[in-house]
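# Breakdown of the fold
Single-letter residue listing:
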Amino acid sequence: MTVAELPRKPGGNSAKGKEQRANIFATWRRDALGRLVQRRSAEAALLAAQSFAAPGKSLHPGFSPAALLTGTGGSSSSRSKAKEDAPLPLYAVRWHQSSPADRKPEDGAGEKPPAVLKLTSAPLAEGDLQRALEAARAGAQIVAAALPTPGAFCSQEDEVSLGWRFVQLIQRLLEDGVGARLLVVCPAAATGALVAGASKAVAMEDSSLKIQRAFVPLQCLQRLDELVPRLCALSSAHKDETDLWIRDAGFRGLPFVPRLERMPAGSAKASRLPAHGLDGEPAKLLLTGATGGLGKAVVSWLIKEQGFQPEQLLLLRRMGSSKLEGDLARCTVVEAAKVDSTSVLQESLLQVRGVTGILHLAGVLDDGIVGGMTEDRMRKVAQPKCGMLVALLNAAKELQWPLQWTVGFSSTSSLFGYAGQVNYCAANALLDQLAVFSSEGARPEGDRAPCRFITVNWGPWGEAGMAQ
Ligand SMILES: NC(=O)c1ccc[n+]([C@@H]2O[C@H](COP(=O)([O-])OP(=O)(O)OC[C@H]3O[C@@H](n4cnc5c(N)ncnc54)[C@H](OP(=O)(O)O)[C@@H]3O)[C@@H](O)[C@H]2O)c1
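Computed from a prediction, not measured in an experiment: that's the story for all the values here.

### Topic: the overall build of the protein
From N to C terminus, the protein includes 14 helices and 14 strands. Across the 468 residues that make up the protein, the buried fraction comes to 58%. Working note: accessible area of the protein is about 18300 Å², and carbon and sulfur atoms make up 51% of it.

### A word on helix α8 (residues 224–237)
For an α-helix the count is 3.6 residues per turn, leaving residues at separations of three or four pointing the same way. In a regular helix each residue adds 1.5 Å, so 14 residues correspond to 20 Å; α8 covers 19 Å between its end C-alpha atoms and thus fits that length. The axis of α8 is deflected most strongly, by about 25 degrees, at Arg 230. Among all positions of α8, only Leu 224, Leu 227, Val 228, Leu 231, Cys 232, Leu 234, Ser 235, Ser 236 and Ala 237 are buried. Where α8 is buried, its residues contact β3 (115–119), β4 (141–146), β5 (180–187), β6 (209–216) and β7 (243–245).

### Quick look at the environment of Lys 296
As for its placement among the helices and strands, Lys 296 is situated in helix α9 (residues 293–304). Distance from Lys 296 to Glu 325, taken between C-alpha atoms, is 9.7 Å for residues 29 residues apart in sequence. Look past the residues within four positions of Lys 296 in its chain and what remains in contact with it is Ala 290, Thr 291 and Leu 328. Of the polar contacts made by the side chain of Lys 296, one reaches the backbone oxygen of Thr 291; its length is 3.5 Å.

### Section: the side chain of Asp 327
Position of Asp 327 among the secondary structure elements: in helix α10 (residues 326–329). Taking the relative accessible area as the measure of exposure, Asp 327 reaches 15% and is therefore buried. Among the polar contacts made by the side chain of Asp 327, one reaches the side chain of Lys 304 at a distance of 2.8 Å. Among the polar contacts listed, one links the side chain of Asp 327 to the side chain of Arg 330, at a separation of 2.9 Å. What Asp 327 contacts, discounting residues up to four positions off in sequence, is Val 299, Ser 300, Ile 303 and Lys 304.

### Considering the packing of helix α7 (residues 193–205) against helix α14 (residues 422–437)
Two elements in contact, α7 and α14, have axes separated by 7 Å at closest approach and are oriented at 135 degrees. Between α7 and α14, the interaxial angle falls into the category oblique. Note on packing geometry: the crossing formed by α7 with α14 is right-handed. On α14, the residues that touch Ala 193, Leu 194, Ala 196, Gly 197, Ala 198, Ala 201 and Val 202 of α7 are Val 422, Cys 425, Ala 426, Ala 427, Ala 429, Leu 430 and Gln 433. Looking at side-chain class alone, the contact of α7 with α14 contains 12 nonpolar, 2 polar and no charged residues.

### A short note on the site of the ligand
In the vicinity of the ligand, 30 residues are found, and the nearest of them are Thr 291, Ser 321, Tyr 424, Trp 461 and Met 466. Take Gly 293: an N or O atom from its main chain is 2.9 Å from an oxygen atom of the ligand. Contacts to the ligand include Tyr 424, whose side-chain N or O atom sits 2.5 Å from an oxygen atom. Taken by itself the ligand offers 880 Å² of open surface, and the protein chains cover 90% of this. At the level of secondary structure, the elements contributing two or more residues to the shell around the ligand comprise α9, β10 (313–318), α12 (375–398) and β13 (405–411).

### A closer look at unusual backbone geometry
Even without being glycine, Phe 251 reaches a positive phi, approximately 60 degrees. Checked against the element boundaries, Phe 251 lands in the loop between β7 and β8 (256–262). Of note in this structure, Gln 400 is not a glycine but carries a positive phi near 55 degrees. Turning to its location among the elements, Gln 400 is positioned in the loop between α12 and β13.

### With respect to the packing of aromatic side chains
Counted under the stated rule, the structure contains 6 aromatic pairs. Here the aromatic rings of Trp 95 and Phe 215 are separated by 6.3 Å at their centres, their planes lie at 85 degrees, and the arrangement is edge-to-face. Here Trp 95 is found in strand β2 (residues 91–97), whereas its partner Phe 215 is found in strand β6, with 120 residues between them in sequence. In terms of burial, Trp 95 and Phe 215 fall into one category: buried. Measuring from ring centre to ring centre gives 5.3 Å for Trp 95 and Trp 245, while their planes differ by 90 degrees; the resulting arrangement is edge-to-face.

### Things to note about the pairing of strand β14 (residues 452–458)
Across the 7 residues of β14, 6 count as buried, placing the element largely inside the fold. When β13 meets β14, the two strands line up parallel, connected through 7 bridges. Within the sheet, the bridge partner assigned to Trp 405 lies in β14 and is Arg 452.

### Digging into α14
In this model α14 runs 22 Å from its N-terminal to its C-terminal C-alpha over 16 residues, within 8% of the 22 Å that 1.5 Å per residue would give. Across the 16 residues of α14, 16 count as buried, placing the element largely inside the fold.

### So, the pattern of salt bridges
Here the structure, examined in full by the defined rule, presents 17 salt bridges. The residue Asp 248 makes a salt bridge to Arg 252 at a minimum N-O spacing of 3.3 Å. What makes Asp 248 partly exposed here is its relative accessible area of 23%. Two residues, Glu 335 and Arg 317, come together in a salt bridge whose shortest N-O distance is 2.9 Å. Here Arg 317 lies in strand β10 and Glu 335 lies in strand β11 (residues 332–336), a separation of 18 residues in the sequence. The class for Arg 317 is buried, based on a relative accessible area of 8%. Three or more residues joined by partner-sharing salt bridges are found here, namely Glu 157, Glu 375, Asp 376 and Arg 379.

### Regarding the environment of Leu 294
When you line up the elements, Leu 294 lands in helix α9. Between the alpha carbons of Leu 294 and Gly 465 there is a distance of 5.6 Å; along the sequence they are 171 residues apart.

Definitions and limits used
- Residues numbered from 1 in each chain as written.
- Predicted model: local features only at pLDDT ≥ 70, side-chain atom pairs only at ≥ 80, totals over all residues.
- Heavy atoms only, no water.
- Helix = DSSP H or I, 4+ residues; strand = E, 2+ residues; numbered from the N terminus.
- Buried < 20%, exposed > 50% of the residue type's maximum accessible area, 1.4 Å probe, protein only.
- Areas by Shrake-Rupley, 256 points an atom, 1.4 Å probe, with all protein chains shown as cover.
- Expected span 1.5 Å × (residues − 1).
- Bend = angle between axes of the 7 residues up to and from the residue.
- Contact = heavy atoms within 4.5 Å.
- Polar contact = N/O pair within 3.5 Å; in protein donor to acceptor, adjacent residues only side chain to side chain.
- Axes fitted to C-alpha atoms, helices over the stretch in contact; angles between N-to-C directions.
- Parallel < 35°, antiparallel > 145°, perpendicular 65-115°, else oblique.
- Left-handed = near helix turned anticlockwise from the far one by under 90°.
- Nonpolar A, V, L, I, M, F, W, Y, C, P; charged D, E, K, R; others polar.
- Near = heavy atom within 4 Å.
- Phe/Tyr/Trp six-rings, centres within 6.5 Å; stacked < 30°, edge-to-face > 60°.
- Pairing = 2+ DSSP bridges.
- Salt bridge = Lys/Arg side-chain N within 4 Å of Asp/Glu carboxyl O.

Quick look at the structure:
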């Protein structure tokens, strides 16, 4: 498997890619740590970044945190060594407008009417579930739409409930033993992301599930019933796509579809993280999950390669977590009693001023097949990934930090879907969607990152961390 043979489409295409996927992961696993820290062989340097390209626009690697990805930073001597290395292939997820030629003739004639299931934070009604099962048995499509709670964007509880309702639907379909075609409709926003992320994982677990996602402007969800025929027609006209982004609330124009694209080589200007804030003060970076395998490597890279002083690095961690050693023991540390609470974080970080960048690495795994998934297991994995991130971004706003950027550490699992990781794919999808949809003007203020937000979908690191 070479990088040239990789699928161009992210999005998970049911279980058929399993064999190929194993090869991809074997490739990614090699030297991942070296990519970041020592810039070893570029051969296997494959990962994807989201939000490096505005929809329909070309890629722009010139943004400074690209240093994290291109690994071309460091001292002048290490830079000249880097020149000898082959450029690191870095992929970005780029959303293209589909072309008229991509459209398939709509074969909706004779189609049975779909069953529409509205997913909210409230429990699923048995009658609705039965209608969905009947539709699946009859070969009709199920339209499962994630309807966020108005005014409560990215509330951890609501997001987990939404994701869990979707998993419950899948569990019932699998128990029933019928295959199903699902069109998962989600807002083009961070909210509802756990539904979209979960839908990628379940498609990898059971090939009888054919799943497509449609991201629509939030306001469209208020008139979902009226839009279902148009959504189904679009789904049928783009049946080879796993993801469609309908950007116009009036459904004008063609939908956007994601593609993995190799990024141009990083520019020398982008080789280092910004050393100063906009006010000229030395930059201050906050890291979550810094005590983990990747976190330690990132801290060491920031100090040894990027020239940060340990006191410029602030580690936010759980109260009473593991003992700090080495580079980590020299950094500033803030411990919080409850990391997914805005008010607790605000209180804990009250004395902290001038944070210019955030690296969000906190995360935990609790893998298991979809049949054995529970709401608690969804919550456990979402808590550090989503709850902590949202609480931290909210606290940053309240504390008026001069934040310029945030990088979320996500995974290829949520990019392609991964069997046995429905909760992990769901949680990482919030980072992915915050990056993709953060620049959209139409979303409510509360659902927007207060700074440039980039997500990196790392492949499994062989040398350190949770994937070992
Ligand atoms: N390892 C990989 O190959 C890989 C691949 C793709 C993506 N990623 C992502 O990269 C990030 C770092 O991965 P890693 O391998 O370094 O993970 P790790 O070794 O398991 O460390 C994760 C860190 O997250 C924090 N954490 C764990 N549970 C938490 C909770 N409930 N609340 C708050 N913080 C919690 C811990 O920090 P404290 O104890 O200090 O609070 C822990 O040190 C993760 O988000 C992961 O999803 C990793």
